[in-house]
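# Overview (structure and organization)
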Amino acid sequence: MKVVVKLDSTKSKKKSFIAERSESISMKGHQKSQVKCDTDSVAGSMSQRACVFCGARVVLNPITDAIHLVHGPIGCASYTWDIRGSLSSGSELYRNSFSTDMKEKDVIFGGEKKLEQAIDELVDEYHPKLMFVYSTCIVGVIGDDLDAVCKKKSLQYGIEIIPVQSSGFIGNKAAGYRAACDAILKIIKPEETTSQAIIERKSNCKRVINYLGDFNLAAEAWIIQGYLKEIGIDINVTFTGDANYEALKKATDAELNIIQCAGSMTYLAKKMEELYGIPYMHISFLGIEDTKESLRRIAHFFQNIELEEKTEKLIAREESQIAKTLHWYKQQLQGKKAAIYVGGGFKAISLIKQFNEIGIEVVMVGTQTGRKEEYDTIADLATAGTVILDDANPSELEQFMTEKAADLLVGGVKERPLAYKLGVAFIDHNHDRKHPLSGFIGAVNFATEVHSTVCSPVWKYV
Amino acid sequence: MLDATPKEITDRKSGGMINPAKTCQPIGAMYAALGIHSCLPHSHGSQGCCSYHRMHLTRHFRDPIMATTSSFTEGASVFGGGANLKTAIKNVFNVYNPEVMAVHTTCLSETIGDDLPTIIKSADVPEGKLVIHANTPSYAGSHVTGFSNMTKGMVQYLSEATEETKKQQANIIPGFVNPGDMREIKRITEAMDIEYIMFPDTSGVVDSPMTGKHEMFPKGGTTISQLKDTGNSKATYALGSYASADAAYHLERKCKIEPIVLKTPIGIKATDEYVMALSNKFSKEIPKSLEEERGQLVDIMTDTHFHFHGKRVAVFGDPDIVIALTEYLLSLGMTPVHVLTGTPGKKFEEEVKEILAAAGIEGSNVKAAGDLFTLQQWIKNQPVDLLIGNTYGKYIARAEDVPFFRVGFPILDRSVHSYMPIVGYKGAMRLLEMISNALLERQDRDAAEEDFELVM
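Chains are numbered independently. Their residues run from 1 in the order of the written sequence. Throughout, the order in which chains and ligands are written sets their labels, letters from A for the former and numbers from 1 for the latter. Selection of residues for local features in this predicted model requires a pLDDT of at least 70, selection of side-chain atom pairs for listing and counting requires 80 or more, and totals for whole chains, interfaces and linings are taken over all residues. The side-chain numbers reported here are obtained from all heavy atoms of the structure, hydrogens and water having been left aside.

The name given to chain B in an unreviewed UniProt entry is Nitrogenase molybdenum-iron protein beta chain, and the organism recorded there is Desulfuribacillus alkaliarsenatis. UniProt positions are given in the numbering used here, feature names are shortened, and annotations may be inferred rather than shown by experiment. Looking at chain B in UniProt, the text filed under Sequence similarities (unreviewed entry) is "Belongs to the NifD/NifK/NifE/NifN family." The annotation that UniProt attaches to chain B under Function (unreviewed entry) is "This molybdenum-iron protein is part of the nitrogenase complex that catalyzes the key enzymatic reactions in nitrogen fixation."

An unreviewed UniProt entry lists chain A under the name Nitrogenase iron-molybdenum cofactor biosynthesis protein NifE, with Desulfuribacillus alkaliarsenatis given as the organism. Turning to chain A, the UniProt annotation filed under Function (unreviewed entry) states: "This protein may play a role in the biosynthesis of the prosthetic group of nitrogenase (FeMo cofactor)." Per UniProt, the comment on chain A under Pathway (unreviewed entry) is "Cofactor biosynthesis; Fe-Mo cofactor biosynthesis."

### Comments concerning the overall build of chain A
Of the regular secondary structure elements, chain A holds 19 helices and 14 strands. For this measure, only C-alpha atoms enter the radius of gyration; the expected value for a globule follows 2.2 Å times N^0.38, where N is the number of residues. For 462 residues, the compact-globule estimate of 2.2 N^0.38 gives 23 Å, and the C-alpha radius of gyration of chain A, at 23 Å, lies within 12% of that figure. C-alpha atoms of chain A, sized along the principal axes, occupy 65 × 60 × 40 Å. Looking at chain A as a whole, 63% of its 462 residues are labelled buried. The helix count covers DSSP runs of H or I at least four residues long, the strand count covers runs of E at least two residues long, and both are numbered beginning at the N terminus. Relative accessibility under 20% of the residue-type maximum defines a buried residue, over 50% an exposed one, and the middle range a partly exposed one, all with a 1.4 Å probe and only protein chains included.

### Let's talk about the pattern of salt bridges
For salt bridges, the criterion is a side-chain nitrogen of Lys or Arg within 4 Å of an Asp or Glu carboxyl oxygen. The final tally for this structure, using the stated rule, is 46 salt bridges over all chains. The partner of A:Asp101 in a salt bridge is B:Lys22, and the shortest N-O contact between them spans 3.1 Å. Of this pair, A:Asp101 sits in the loop between β3 (98-99) and α4 (104-109) while B:Lys22 sits in the loop between β1 (17-18) and α1 (25-33), on two different chains. Classification of A:Asp101 by relative accessible area gives buried; the value is 1%.

### Here's the deal with the interface of chain A and chain B
The interface is formed by 70 residues belonging to chain A together with 72 residues belonging to chain B. Two parts lose some accessible area (1.4 Å probe) when they are put together, and adding that loss for both gives the buried area. Taken together, the two surfaces of chain A and chain B that pack against each other cover about 6,000 Å², and 60% of this comes from carbon and sulfur. Inspection of the chain A/chain B interface yields two salt bridges. Residues adjacent in sequence count toward polar contacts only when both atoms are side-chain atoms; beyond that, a polar contact is any pair of N or O atoms within 3.5 Å, and within protein one must be able to donate a hydrogen and the other to accept it. Taken together, the links from chain A to chain B amount to 19 residue pairs in polar contact (both at pLDDT 80 or more). Mapped by element, the contributors of at least two residues to the side of chain A that touches chain B are α2 (52-60), α3 (74-79), β3, α4, α5 (112-126), α6 (137-142), α17 (394-403) and α18 (415-421) of chain A. One ladder, built from two bridges, connects β3(A) with β1(B); its direction is antiparallel. Its bridge partner being in β1(B), A:Ser99 is matched across the sheet by B:Met17. Contacts are residue-level and defined by heavy atoms, with any inter-residue pair within 4.5 Å sufficient. Strand pairing is defined by DSSP finding a minimum of two bridges between the two strands.

### Considering the packing of aromatic side chains
Each pair of aromatic rings is reported with the distance of its centres and the angle of its planes. Pairing of aromatic rings covers Phe, Tyr and Trp, the last through its six-membered ring, and needs centres within 6.5 Å; plane angles under 30 degrees mean stacked, over 60 mean edge-to-face, and all others mean tilted. Applying the stated criterion across every chain yields a total of 20 aromatic pairs over all chains. When the ring of A:Tyr227 is compared with that of A:Phe440, the centres are 5.5 Å apart and the planes differ by 70°; the resulting orientation is edge-to-face. A residue pair is termed long-range when its members are at least 10 positions apart, and A:Tyr227 in helix α10 (residues 220-231) and A:Phe440 in helix α19 (residues 439-454) qualify at 213 residues. With respect to burial, A:Tyr227 and A:Phe440 carry one shared label: buried. Aromatic pair B:Tyr31 and B:Phe147: ring centres 6.0 Å apart, planes at 40°, arrangement tilted. Residue B:Tyr31 is located in helix α1, and its partner B:Phe147 is located in helix α7 (residues 143-158); the two are separated by 116 residues in the primary sequence. Given the relative accessible area of 0%, B:Tyr31 is considered buried. The buried category is assigned to B:Phe147, whose relative accessible area is 0%. In this structure, A:Arg57 is placed above the aromatic ring of A:Tyr134, and the distance from its NZ or CZ to the ring centre is 5.8 Å. Placement of a charge over a ring requires the Lys NZ or Arg CZ to be within 6 Å of the ring centre, with the centre-to-atom vector within 35 degrees of the ring normal.

### Regarding the packing of helix α11 (residues 268-282) of chain B against helix α12 (residues 288-308) of chain B
A pair of packed helices is characterised by two quantities: the angle between their axes and the separation of those axes. All names here are of chain B. Note on geometry: axes are lines fitted to C-alpha atoms, helical ones only across the stretch in contact, with angles between N-to-C directions running from 0 to 180 degrees. One can describe the packing of α11 onto α12 by two numbers: an axis separation of 12 Å at closest approach and a directional angle of 165°. Considering the angle they form, α11 stands roughly antiparallel to α12. For α11 against α12, the interelement crossing comes out left-handed. Touching Ile268, Asp272 and Val275 of α11 are Leu290, Arg294, Leu297, Val298 and Met301, all from α12. Partitioning the contact of α11 with α12 into residue classes produces six nonpolar, no polar and two charged. Oblique is the label for any angle not under 35 degrees, not over 145, and not in the 65 to 115 range, which are roughly parallel, roughly antiparallel and roughly perpendicular in turn. Each crossing is labelled by how the near helix is turned from the far one, with a counterclockwise turn of less than a right angle marking it left-handed and a clockwise turn marking it right-handed. Gly counts as polar in this scheme, as do all residues outside two lists: the nonpolar Ala, Val, Leu, Ile, Met, Phe, Trp, Tyr, Cys and Pro, and the charged Asp, Glu, Lys and Arg.

### Describing the UniProt feature "domain: Nitrogenase/oxidoreductase component" (unreviewed entry) in chain B
According to UniProt, the "domain: Nitrogenase/oxidoreductase component" (unreviewed entry) feature falls on residues 24-439 of chain B. Taken end to end, residues 24-439 of chain B has its terminal C-alpha atoms 33 Å apart, with 49% of it in helix and 14% in strand.

### A short note on the side chain of A:Thr80
Residue and element names in this part refer to chain A. Residue placement: Thr80 occurs in the loop between α3 and β3. Residue classification places Thr80 among the buried positions, given a relative accessible area of 1%. A polar contact of 2.8 Å, which involves the side chain of Thr80, links it to the side chain of Arg57. One polar contact links the side chain of Thr80 to the main-chain carbonyl oxygen of Cys76, over a distance of 2.7 Å.

### Quick notes on the sheet that holds strand β6 (residues 208-214) of chain A
All names here are of chain A. Taken in spatial order, the four strands make up an open sheet running β7-β6-β8-β9, and their pairing is parallel. Only two strands of the sheet have a single partner each, and these edge strands are β7 (234-240) and β9 (280-282). For this sheet, the mean inter-axis angle between neighbouring strands, taken without regard to orientation, is 25°. Bridge count for strand β8 (residues 256-259) against β9 is three bridges, and the pairing is parallel. Across the sheet, Ile258 pairs through a bridge with Met281, a residue of β9.

### Description of the pairing of strand β11 (residues 335-340) of chain B
Residue and element names in this part refer to chain B. β11 sits mainly inside the fold: five of its six residues count as buried. Here strand β10 (residues 312-316) runs beside β11; their pairing, made up of five bridges, is parallel. When the sheet's bridge partners are listed, Arg312 is paired in β11 with Thr335. Clockwise travel from the first strand over the helix to the second, with the strands pointing away from the viewer, marks a crossover as right-handed. Viewed along the sheet, the connection from β10 through helix α13 (residues 319-331) into β11 turns out right-handed. Where β11 and strand β12 (residues 365-367) come together, three bridges link them in parallel fashion. Across the sheet, His338 pairs through a bridge with Asn365, a residue of β12. Regarding topology, helix α14 (residues 346-358) serves as the crossover connection from β11 to the parallel β12, and that connection is right-handed.

Pasting the structure below:
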């Protein structure tokens, strides 16, 4: 059991906090257990968060055969050009960066004409079936009618041109996820929406599910697809990793939606249940325990003994294949301490379990956009003394990592050099990751990555 | 990868970009602000901007990039961002305690019309602390003009002519280059035995050494007293007209300091010009050490010239870098066939065409405010032996199967580059090595078994 450090005493020691943020930081075992979350960042804080546009872009961009046109000044398109590392089995169109590159003139006189011209040129150049038009901060302020332009052009060319209402300032990244889901809902809307039609379609279903919230980073969606196929379940559409127009159009054919990234996709799942009667289930393929449980729950959904047997067979085989390797890593890593700072709460929860699997204790857990119920779960899982914080800034991360003597930080791009400067190991659990971290193979990759950084000889020279 | 890019070139009237060769002003302003000692850059707009700029700079420099944001929400965009900025100023000095806070605007705060000087004047800035600003709407210019604007802001807010006679000291504005380049420019100037103030100076900030501690404000950067003292220098050397000239001209107006606008010292000719300009103004002899470096450079240029002669090159990136690089490529006997920058400004086209004409090269494609879609189309129609540019060039290099090496900003997929200069004679040697490696490695890769040779 760890010694519980009083938060108030740490506060007086060093002035790293903005007073307004004290409610957003808590410590397991300390009396104040509920973290304030889902609020706007304080002006002047060094928030690690991004904007609405960013949220929408990262969710939609993996749709491979779409034109993703950013309506705004150049920066928004530049910074999000191919940042997700989502793999495609077909079209590579999504890996281009399209922008209307708004200028002063467009800001004064409105950018609709320029947008129309840009759409014309892109249709002419690429003949896409699907185009997303993202609004940015400036479009929201000057009031370009994105819906009207998209509708007009959509009719003119007979293709789907979907407006994405993602002006950067209308909330945080989570609002962007919702804007993306709204855009997806427009595409997947079947031509006939009567309940009879849905019932008929469903009676034709043969253990087909949608996989929500996997963006096929480093082929992760394909790994899960492989497991499910082996036990007799087909993935209909993945939202949105390696998804394309044709696939999206079949989205309502599924009998079940499973959700990996809860932050970005729960809204879509709820909507699909409401509109098309497709039930959903939260799963996680990060870590062995979560992977096993998820496979079992999916199999169980279909109430078929053969499916469940196949699942057990797969689990037994995969687990035995990696057991020895993982055991070795666990021996190497036993007693190390990890700090977590990731985007969503669900990922943080999976990571706590995954660290435990390889003998590592988690001493700090933070997220950018975690929700109340997720923080509750985090608090349940965490050991006493663990610091829990929402929307943290680098000073806070630094202070708690140092105070808690973390050996490792798991985070995203901006946190990497911070960890290194503190002489703390780091693994990337964000867009930049190059190795799949999902499923059984992902559990091994995770351990390998943790080991390669925690046990690197470089720390001897710090 | 970018296989969908068509060969046929059609007129694009919209002005829209496909695969941009530039990014927006605020990131340049943020980078410049990091070049002031104990300065916290502040982004006046919504969170995403600040986050993207920090992310991009972090990827390029692989060092923590500190900056704060006004965190605009809908309220701010309706009622103006004044309240947000005032709160931010209070919080920043309370919590992070920098010497100076350098605010840059975004497209959002510019469009709603926030009047920065007025807001700053009415804000509660602690005694002895400073807040400076630059207007950097993202819908004008590029990251290079953003850098220029913040550098000019330093002059506006800080430079003072306090001495009766000008000091025997040079102001050096290095432009949007890596800290490694800034270190090299300083080394050359020191070798000439000349006192100088370099601003902005990001060396020691974004290439700070590992100490096991995270310093919010590392040792590097131009100090406030140095920035003030720039008003007393004898001359300002603005290296690269796009990123540096505005600040130099402003210093001339404000403090009567002679502006000397030169190319970024990339390649033998531009470095010669810098060294000579220092030597003439300060009546200093060129030291043996620099003569020796130059001699070594000419020696290896001689040793390898046949590798380069007549090779066709496409080069893209920031205007100051590309202009100087084009001149250097010509001095190696290469033919720049396509030369492109994303930053707008007709001056670029004129200058590059002049350099090409002086070398007797005709018919090259030269374009400012261009994008990489255009560059790829050019290459499809008129193939090249080598592509030079930032990280994003790798898509074209792969699609068109062209040898490629990385120069400029941003470089997101390679490390160490920001420590290694491309300026000065040493930098020219390094460039020469990179160019020949790219060409010769390709030759080795493609050689038939019977043509594969030990010595090349």
